[in-house]
Amino acid sequence: MSFTHGRVCDITEDAVKSWYYGNALKDQPDAKERTYQMLKRICKKAVEDGLLEKQPCTLPHVHRAKSKRHDVPVITNEELRTITDNMPEWCRIFQYTAAMLGLRISEVCALQRQDFDLPNRRVHISHGLNRGEGDRGSLRLATPKTKSSNAWLYIPQSFMPMLTEWLRTHVRPEPDAMFIESPASGYDIASPNSIRDHFKEAAKNAGRPDITPHQLKAMFSTMVSRTS
């Protein structure tokens, strides 16, 4: 059973159940659940537009297995300092920015001087990154990953001294200067992959090879409450 051909209006509840409980993606339960949820959203829109009489995706929500990253112990202040000491100077601010602001690595790499409103202790997340059509070419600023990502965020008081010093010593005065610049190409956007590789090595040296940049984002609430 596949829904890649045919008309949305022909999708039935029996067809959905036959697909879901059949052999499709049987070895990839997470992928199957994501696909089902996407189909459910499509059919919901079709009902709203009058293309379907009722929602054919009526299966009970399937709770996927808890991600292993939720079992990773929260990083300590000492471990974070050790990671920082093992990061290259040009991107040494990355892990604190991700942890204290709860940002994705691409969001950190997309920050510019003009995004920071230090008097009001806030930062504007207004860009993400991409490489253009076909995911090719050099990195460039793009719209955030989601609409909710375009927002003003609160800067914890505990992060203000470090952030202020970084802006003073490492960021050019122009409003569109990148918060973290690529060391290989002058004023260009820093590569998330490059920072990720440096972070991975630094985390290993700190005795925390289980920590990833994405987990810094997930841990930010704990980091903020602990250092405020």
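Rules used in this analysis
- Residues numbered from 1 in each chain as written.
- Predicted model: local features only at pLDDT ≥ 70, side-chain atom pairs only at ≥ 80, totals over all residues.
- Heavy atoms only, no water.
- Patch = residues over 30% accessible without salt bridge, like charges linked within 9 Å, V, L, I, M, F, W, Y side chains within 5 Å.
- Areas by Shrake-Rupley, 256 points an atom, 1.4 Å probe, with all protein chains shown as cover.
- Salt bridge = Lys/Arg side-chain N within 4 Å of Asp/Glu carboxyl O.
- Helix = DSSP H or I, 4+ residues; strand = E, 2+ residues; numbered from the N terminus.
- Buried < 20%, exposed > 50% of the residue type's maximum accessible area, 1.4 Å probe, protein only.
- Arc of directions from axis to C-beta.
- Contact = heavy atoms within 4.5 Å.
- 1 Å grid on protein atoms, 1.4 Å probe; cavity = no way out; pocket = protein on both sides within 12 Å on 5 of 7 lines; lining within 4 Å.
- Points joined across faces, edges and corners; volume = space filled by probe spheres on them.
- Nonpolar A, V, L, I, M, F, W, Y, C, P; charged D, E, K, R; others polar.
- pLDDT = per-residue confidence, 0-100.

**Some thoughts on a nonpolar patch on the surface**
Side chains of Val8, Met38 and Ile42 sit close together on the surface and give an oily, nonpolar patch of about 240 Å² of accessible area. Looking at the element boundaries, Val8 is found in the segment before helix H1 (13–20).

**Some details on helix H6 (residues 160–170)**
Residues of H6 that are buried: Met160, Leu163, Trp166 and Leu167. Axial view of H6: buried residues confined to an arc of 130 degrees, hence all on one face. Among the exposed residues of H6, those pointing more than 90 degrees away from its buried face are Pro161 and Arg168. Turning to H6, the residues buried within the fold contact strand E1 (116–117).

**A look at the layout of surface pockets**
In this structure, the second largest pocket occupies an estimated 250 Å³ of space. Lining the second largest pocket are 16 residues, and of these Ser106, Gly128, Leu129, Asn130 and Pro192 sit closest to its centre. Put simply, the parts of the chain that give the lining of the second largest pocket at least two residues each are helix H5 (105–109), strand E3 (128–130) and helix H7 (192–205). Across the lining of the second largest pocket, the residue classes break down as 5 nonpolar, 6 polar and 5 charged.

**Let's talk about the pattern of salt bridges**
Tallied over the full model, the rule gives 13 salt bridges. The partner of Lys44 in a salt bridge is Glu48, with the nearest N and O atoms 2.7 Å apart. With a gap of 4 residues between them, Lys44 and Glu48 both fall in helix H2 (residues 29–48), about one helical turn apart. For Lys44, a relative accessible area of 47% puts it in the partly exposed group. Put simply, Asp117 and Arg122 hold a salt bridge, and the shortest N to O gap is 2.8 Å. Judged by relative accessible area, which is 32%, Arg122 ranks as partly exposed. Salt bridges linked by common partners bring Glu79, Arg208 and Asp210 together as one network.

**Observations concerning the confidence of the model for the protein chain**
Should pLDDT be low for a region, the predicted coordinates there are not to be read in detail. Per-residue confidence for the protein chain gives a mean pLDDT of 84; residues scoring 70 or more make up 82%. Of all helices and strands in the protein chain, the one with the weakest mean pLDDT is helix H9 (residues 220–227) (58), whereas H6 scores best (97).

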